[in-house]
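Analysis of the macromolecular model
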Amino acid sequence: MRLGEASLSAIELRGVAKHWGTTRAVDGINLTARQGSLVVLLGPSGCGKSTLLRLIAGLEEVTDGSIRIGGEDVTKLPPARRHLAMVFQNYALFPHLDVRENILFGLKVRKVGAADRDRRLKRVAELLAIGHLLDRKPGQLSGGQQQRVALGRAIIAEQPVCLMDEPLSNLDAQLRQDMRREIRALQRELGVTMIYVTHDQTEAMSMADQVVLLRDGRVEQDATPAELYARPATLFVASFIGTPPMNRLALADGPHGACIKGAPEAVIGDSGGTGLVLGVRPEDMVLAVDSGDGLAGTVDSSEYFGADTIVACRVGTETALIRCPGNRLLPPGTPVRLGWNEGAAHLFDAGTGRRRSVD
Amino acid sequence: MQTRYSAHIYGWLLLLPAAVLLVAFTHAPMVSAFVDSFMSTPKGARPARFVGLMQYETLIEDPIFWRVLGNNILFAVWTIPASIALAIAMALLVNGKLKGRGFLRMAYFTPTVLPMIAVANIWMFFFTPDYGLIDQIRGLFGGGPVNWLGQQSTALYCLMVVTVWKEAGFFMIFYLAALQGINPSLYEAASLEGASRWTVFRRITWPLLMPTTLFVLINAVIGAFRLVDHVVVMTKGGPDNASSLLLFYIYEIGFKYWDTAYASTLTVVLLVLLAAVAVFQFTYLDKRTHYQ
Ligand SMILES: Nc1ncnc2c1ncn2[C@@H]1O[C@H](COP(=O)(O)OP(=O)(O)OP(=O)(O)O)[C@@H](O)[C@H]1O
Ligand SMILES: [Mg+2]
């Protein structure tokens, strides 16, 4: 293996595109995944996540661009020669083969010796705690167990790159959380580079070293989870990350500076507001019922979630969600005062959706 | 208790029409054939009488029976694997990404739609010595005329060709349906491992087609012993019973020579044969088949 840059970037996409007729499923994507990192491809349904993953795997041919894996240009190579393993969304376990044969399938195809095979199977079975399931058929396994087997089939190949397409989407919430942790731990332990597709932002935020948020086949933002949350590059990112996502409040020109549409109190002094959108996360907002500070608003509705309450307030013509700790059920129509923490405000251009610096 | 009784009665009443038909036209004839096989054939004023195993002794000493049985086994042994292999090959072909596959599917299925009599007539023309398609083609390469249907060494094989040609398209439809039911990501998973096409077929496609193969096999075996239309049209079992099959022989004995008791005996043998094959398929093969 060569040292230097090639060993640091395990996967490198340059201008990768995939078009079907007029559908541009993937449209000029640049992406670099560092050796041993977990990169999550995130985005709404139909944004091209699966297509991009399949392009990397070689299951689809690129319309344009190049793909390098481990420093080698694999754009034209068949899947088998790209040195990667893949976990499919539906697991793609062979229904007629038992767990053992499913896991060993690839090694047998590649004519790995029996002793080596047994050793690797034992290790994988231990790692995933599926030793007792080896003689069962996939149909006799629970969803979580099938998932483990699919994982086992990918791991045993000992390839430097592993691709996963929404591997947890069929599992219930609890199991999902457990598997999330397991996959992450496994990825770290084995040191593989992983590309992980999901449309679940919680999954992305909790697992990733690097999140690539896609929209209509293009990269909307490529950053760490913390960066994605703290400095969303566009309105789309702002609206995708966070539960509930960031409040987006349209601004207008007010008498004393930019103000929220329909509410004349200035939120940003000395500047026009038309054509801008103010973004504030619900958890960064504070709500007061009796004090006189902040913007005047009225409660629209409130929902109690146990640890906190999400209160929807009307400010001018806009609606803001505020996350309040504990039980703060307020009757609709209650007049309130709203504010936000220092540095919590984000500004976006309403037309392009791009982030603007807050002055 | 009361309601369970009435549920039972209700169930039986629903089954009754089908059961009556089955008993009248399937079970009763089977039983009567079985009974008749121990009797003599009634002739004129002489009614049938019990003769014990005499008919079976006749059967064992009947060289034509053995010849016909041998023909039929040979017929099954060749036509069944051939039509299944051809059916799978055609199904794989028209299941792939192929231009004009709709047309191809139809073309492959056409022989199935045609009645066997029509098919036999078409092939009669192909086999005609000298003028026939086959001899014309052979003529191009300097081959002389061959009486395909008229000589002992080729007559039975001609019937086999016709049968395979007719049955393969029918079986193809089942395989095609089964192939389309296979999850395409299984093939993708295999391609990531670098499995060759043959490995993919042997380790994935073939085992997943097993339930279909079992079904097709049963149909093919029954067909091999049941189809006689082409024998009637093309060779009438000749020359010298070289192309006669069991059912055709039964028909000849029963309705040409009117030896009904002996025909019954032959029928019983045929039934036992088919039953044995069915038992084998449903026990041994069934256990080795993966159902989804
Ligand atoms: N084989 C194909 N032929 C034509 N269009 C396709 C094909 N595969 C995908 N597409 C289109 O490409 C776009 C991206 O599809 P893709 O499957 O990559 O989305 P996705 O992000 O994985 O969505 P999801 O989260 O729903 O799985 C979609 O508009 C889809 O309709
Ligand atoms: Mg997808």
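Structure: see above.
Now for a description of the structure that goes with this document. Fair warning: this is a prediction, and the values are worked out from it, not measured in the lab.

A count of helical and extended segments in chain B gives 12 helices and 0 strands. The N-to-C order of helical and strand elements in chain B reads α-α-α-α-α-α-α-α-α-α-α-α. For chain B, with 292 residues in total, the buried portion stands at 41%. Total accessible area on chain B is roughly 16,600 Å²; 71% of this is exposed by carbon and sulfur atoms. Taken as two groups, the 19 positive and 14 negative side-chain charges of chain B have centres that lie 10 Å from each other.

Between chain B and chain A, the contact holds 18 residues from the first and 23 residues from the second. Buried area between chain B and chain A, both sides added, is near 1,800 Å², and the carbon and sulfur share of it is 64%. The three residues of chain B that bury the most area against chain A are Leu192, Glu193 and Arg203 of chain B, which together make up 43% of that side's buried surface. If you look at where chain B meets chain A, you find 3 salt bridges. With a closest N to O distance of 2.5 Å, Glu193 of chain B and Arg110 of chain A form a salt bridge. The interface formed by chain B and chain A includes 5 residue pairs in polar contact (both at pLDDT 80 or more). Elements represented by at least two residues in the side of chain B that touches chain A include exactly helix H8 (184–192) and helix H9 (197–226) of chain B. Looking at the side of chain B that touches chain A, the element that brings in the most residues is H8 of chain B, giving 7 residues.

This next bit is on helix H2 (residues 49–57) of chain A. All names here are of chain A. Of all 9 residues in H2, 8 are buried; the element is thus mostly enclosed. Within the span of H2, buried status applies to Lys49, Thr51, Leu52, Leu53, Arg54, Leu55, Ile56 and Ala57. Phi for Gly58, located one or two positions after H2, is positive at around 90 degrees.

Glancing now at the site of ligand 1. Residue and element names in this part refer to chain A. Residues in close proximity to ligand 1 include Trp20, Ala25, Pro44, Ser45, Gly46, Cys47, Gly48, Lys49, Ser50, Thr51 and Glu166, which together make up its full environment. Lys49 is positioned such that a nitrogen or oxygen atom in its side chain is 2.8 Å from an oxygen atom of ligand 1. For ligand 1, whose accessible area on its own is 640 Å², the fraction buried by protein is 59%. Of all the elements, H2 adds the most residues to the shell around ligand 1, at 3 residues. Of the residues belonging to the shell around ligand 1, the class tally is 4 nonpolar, 5 polar and 2 charged.

With that settled, the discussion passes to unusual backbone geometry. Residue and element names in this part refer to chain A. Between Thr243 and the following residue, Pro244, the backbone shows a cis peptide bond with an omega angle of -15 degrees. In this fold, Pro244 is placed in the loop between helix H9 (235–240) and strand S11 (247–254). Of note, Ala92 is a non-glycine position whose phi angle comes to about 50 degrees, a positive value. With respect to the secondary-structure elements, Ala92 resides in the loop between strand S6 (84–87) and helix H3 (99–109). For Ala92, a relative accessible area of 1% corresponds to the buried category. Despite not being glycine, Glu166 shows a phi value in the positive range, around 40 degrees. In this fold, Glu166 is placed in the loop between strand S7 (161–165) and helix H6 (173–190). A residue is classified by how much of its surface remains accessible, and Glu166, at 10% relative accessible area, is buried.

Okay, the side chain of Asn102 of chain A next. Position of Asn102 of chain A among the secondary structure elements: in helix H3. Each residue touching Asn102 of chain A, except ones within four places of it in the same chain, is listed here: Leu93, Phe94, Leu97, Pro138, Val149 and Arg153 of chain A.

What follows covers a nonpolar patch on the surface. Nonpolar side chains collect at one region of the surface, where Ile73, Leu74, Val77, Trp78 and Tyr157 of chain B lie side by side and expose about 490 Å² of accessible area between them. Turning to its location among the elements, Ile73 of chain B is positioned in helix H3 (residues 63–95).

Summed over all chains, the structure comprises 2 cavities of 30 Å³ or more. As a volume, the largest cavity reaches approximately 100 Å³. For the largest cavity, the lining is made up of 13 residues, of which Ala85, Met86 and Arg153 of chain A together with Leu192 and Glu193 of chain B are closest to its centre. When residues of the lining of the largest cavity are traced back to their parent elements, those giving at least two are S6 and helix H5 (143–156) of chain A together with H8 of chain B. A class-by-class count of the residues in the lining of the largest cavity yields 9 nonpolar, 1 polar and 3 charged. As for the second largest cavity, its lining consists of Phe75, Thr79, Ile80, Ser83, Thr163, Glu167, Phe171, Ala220 and Ala224 of chain B. Listed by contribution, the elements that provide at least two residues to the lining of the second largest cavity are H3, helix H7 (152–180) and H9 of chain B. Counting residues per element, the lining of the second largest cavity draws most heavily on H3 of chain B, which supplies 4 residues.

Before going further, it helps to examine helix H4 (residues 114–128) of chain A. Note: α-helices contain 3.6 residues per turn, so residues at a spacing of three or four share the same orientation. Residue and element names in this part refer to chain A. Here H4 spans 21 Å end to end across 15 residues, near enough to the 21 Å set by a 1.5 Å rise per residue. Restricting attention to buried positions, one finds in H4 the residues Arg117, Arg120, Leu121, Val124, Ala125 and Leu128. All buried residues of H4 fall inside an arc of 135 degrees around its axis, so they share one side. Exposed and facing more than 90 degrees away from the buried side of H4 are Ala115, Arg119, Lys122 and Glu126. If you follow the buried residues of H4, they end up packed against H3, H5 and H6. Residue Ala129 follows H4 closely and has a positive phi angle near 55 degrees.

Grouped together as the largest cluster of nonpolar side chains are 103 residues, with contacts concentrated most on Leu13, Leu52 and Leu163 of chain A together with Phe65 of chain B. Within the second largest apolar cluster, 47 residues are counted, among which are Val87, Leu104, Ile130 and Ile183 of chain A.

So, about the packing of aromatic side chains. All names here are of chain B. Counted by the stated rule, this structure contains 18 aromatic pairs over all chains. Summarising the aromatic geometry, the rings of Trp123 and Trp165 are spaced 5.6 Å apart at their centres and angled 70 degrees between planes, so their arrangement reads as edge-to-face. One end of the pair, Trp123, is in helix H5 (residues 116–127); the other, Trp165, is in helix H7, with 42 residues separating them in the sequence. For the ring pair Phe248 and Tyr251, a centre distance of 6.1 Å and an interplane angle of 35 degrees mean the geometry is tilted.

Attention now moves to the sheet that holds strand S8 (residues 193–198) of chain A. The strands making up a sheet are joined through hydrogen bonds of the backbone, oriented either antiparallel or parallel. Residues and elements named next belong to chain A. Strand order in the open sheet made by the 6 strands is S6-S7-S8-S3-S9-S10, with mixed pairing throughout. If you trace the sheet from one side to the other, it starts and ends with S6 and strand S10 (218–223), each paired once. In this sheet, adjacent strand axes meet at a mean angle of 15 degrees when their direction is disregarded. Relative to strand S9 (residues 210–215), strand S3 (residues 38–42) runs parallel, the two being bridged by 4 bridges.

The rules behind each value
Residues numbered from 1 in each chain as written. Chains lettered and ligands numbered in written order. Predicted model: local features only at pLDDT ≥ 70, side-chain atom pairs only at ≥ 80, totals over all residues. Heavy atoms only, no water. Helix = DSSP H or I, 4+ residues; strand = E, 2+ residues; numbered from the N terminus. Buried < 20%, exposed > 50% of the residue type's maximum accessible area, 1.4 Å probe, protein only. Areas by Shrake-Rupley, 256 points an atom, 1.4 Å probe, with all protein chains shown as cover. Lys, Arg positive; Asp, Glu negative; His and termini not counted. Charge placed at Lys NZ, Arg CZ, Asp CG, Glu CD. Contact = heavy atoms within 4.5 Å. Buried area = accessible area lost by both parts, 1.4 Å probe. Salt bridge = Lys/Arg side-chain N within 4 Å of Asp/Glu carboxyl O. Polar contact = N/O pair within 3.5 Å; in protein donor to acceptor, adjacent residues only side chain to side chain. Near = heavy atom within 4 Å. Nonpolar A, V, L, I, M, F, W, Y, C, P; charged D, E, K, R; others polar. Patch = residues over 30% accessible without salt bridge, like charges linked within 9 Å, V, L, I, M, F, W, Y side chains within 5 Å. 1 Å grid on protein atoms, 1.4 Å probe; cavity = no way out; pocket = protein on both sides within 12 Å on 5 of 7 lines; lining within 4 Å. Points joined across faces, edges and corners; volume = space filled by probe spheres on them. Expected span 1.5 Å × (residues − 1). Arc of directions from axis to C-beta. Core = buried A, V, L, I, M, F, W, Y, C linked by side-chain atoms within 4.5 Å. Phe/Tyr/Trp six-rings, centres within 6.5 Å; stacked < 30°, edge-to-face > 60°. Pairing = 2+ DSSP bridges. Axes fitted to C-alpha atoms, helices over the stretch in contact; angles between N-to-C directions.

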